[in-house]
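Per-entry structural report
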Amino acid sequence: MEAGSDNFRIILMYLNEKTLLEQLKAFPGMVDYIHSYKKEICFGMSDMPRASMDLIRKGYTEGVAAGADKAGLFDTFGVANAATMKYLSTKVREIIPPKMNLMTHCHNTFGLAVANSLACVEGGTNEVDGVINGYGDEAGNASLEECAVALEDLYGN
């Protein structure tokens, strides 16, 4: 905690429902520990597009109840399309408090990371993870410069 970071991400691993539910039990203790150092925490589920809506609802409801400061949408394997990500962004926005930041992190497995990130903005996300030239593990992530230009020129943000 003394390294200087002021916020942390806890990404609950969606390997299966049982594993995610076990992590949710431990989550409030993680939030309390991080908050004891006056740091902020962002939470979300890995591989979220393949989880059931019931599990997503439970995960985000409990994450908010545990006191997380920000929520995130994570397409960690890049398997979603823009319609799916917009839908998920809209649904999570309905679950979390209106003023809570909602961010997105998309991988580029099928070349859709930028499109998916923009779709999340249409659905209510107000923060996008982007990396220079889209460099990242596996097939990469959303390109920072493409997201910035699209948000400015296409959306006027």
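In what follows, the structure referred to is the one given above.
Cut-offs and rules
Residues numbered from 1 in each chain as written. Predicted model: local features only at pLDDT ≥ 70, side-chain atom pairs only at ≥ 80, totals over all residues. Heavy atoms only, no water. Buried < 20%, exposed > 50% of the residue type's maximum accessible area, 1.4 Å probe, protein only. Helix = DSSP H or I, 4+ residues; strand = E, 2+ residues; numbered from the N terminus. Pairing = 2+ DSSP bridges. Right-handed = clockwise from strand over helix to strand, strands pointing away. Contact = heavy atoms within 4.5 Å. Axes fitted to C-alpha atoms, helices over the stretch in contact; angles between N-to-C directions. Polar contact = N/O pair within 3.5 Å; in protein donor to acceptor, adjacent residues only side chain to side chain. Salt bridge = Lys/Arg side-chain N within 4 Å of Asp/Glu carboxyl O. Phe/Tyr/Trp six-rings, centres within 6.5 Å; stacked < 30°, edge-to-face > 60°.

With five of its six residues buried, strand β4 (residues 101-106) lies for the most part within the structure. Bridge count between strand β3 (residues 70-75) and β4: six bridges; the pairing is parallel. Of the residues in β4, the one forming a bridge with A71 is L102. Handedness of the crossover is the feature at issue here: the chain leaves β3, passes through helix α3 (residues 82-95), returns alongside β4, and the resulting connection is right-handed. Bridge count for β4 against strand β5 (residues 127-128) is two bridges, and the pairing is parallel. Paired with M103 across the bridge in β5 is E127.

Right, let's get into the sheet that holds β4. Spatial ordering of the open sheet is given by β1-β2-β3-β4-β5, a layout of five strands whose pairing is parallel. Strand pairing shows two members of the sheet lacking a second neighbour, β1 (7-12) and β5, which therefore form its edges. Strands β2 (40-45) and β3 of the sheet are contacted by helix α2 (residues 53-65), whose axis makes an angle of about 170° with β2. Packing against the sheet, α3 makes contact with β3 and β4, and its axis sits at approximately 155° to β4.

Let us look at the environment of G44. Structurally, G44 can be placed in strand β2. Taking relative accessible area as the criterion, G44 reaches 1% and is therefore assigned buried. Considering only alpha carbons, one finds G44 and G59, 15 residues apart in sequence, at a separation of 7.9 Å. G44 has contacts with I10, I11, L12, Y60, G72 and F74, leaving out every residue within four places of it along the chain.

This part is about the environment of K58. Examined against the element boundaries, K58 turns out to sit in helix α2. With relative accessibility at 38%, the residue K58 sits in the partly exposed group. Once the C-alpha coordinates of K58 and L21 are considered, the two residues, 37 residues apart in sequence, prove to be 9.0 Å apart. When sequence neighbours within four positions are dropped, the list of residues in contact with K58 reads L21 and L24. Side-chain polar atoms of K58 contact the side chain of E62, separated by 2.4 Å.

Attention shifts here to the pattern of salt bridges. A full pass over the atoms with the stated rule returns eight salt bridges. Salt-bridge contacts for D129 lead to R9; the nearest nitrogen and oxygen are separated by 2.8 Å. Of this pair, D129 sits in the loop between β5 and α5 (144-153) while R9 sits in strand β1, placing them 120 residues apart in sequence. The partner of E127 in a salt bridge is K70, with the nearest N and O atoms 2.9 Å apart. Placement of E127 in strand β5 and of K70 in strand β3 is noted, with a sequence separation of 57 residues between them. On the accessibility criterion, E127 (26% relative accessible area) is partly exposed.

Counted under the stated rule, the structure contains three aromatic pairs. Ring centres 5.3 Å apart and planes at 65° place the aromatic pair Y33 and Y37 in the edge-to-face group. When its relative accessible area of 47% is taken as the criterion, Y33 is described as partly exposed. The rings of F27, F43 and Y60 are connected pair by pair, giving a single aromatic cluster.

Limitation: the analysis is restricted to geometry and does not speak to function.
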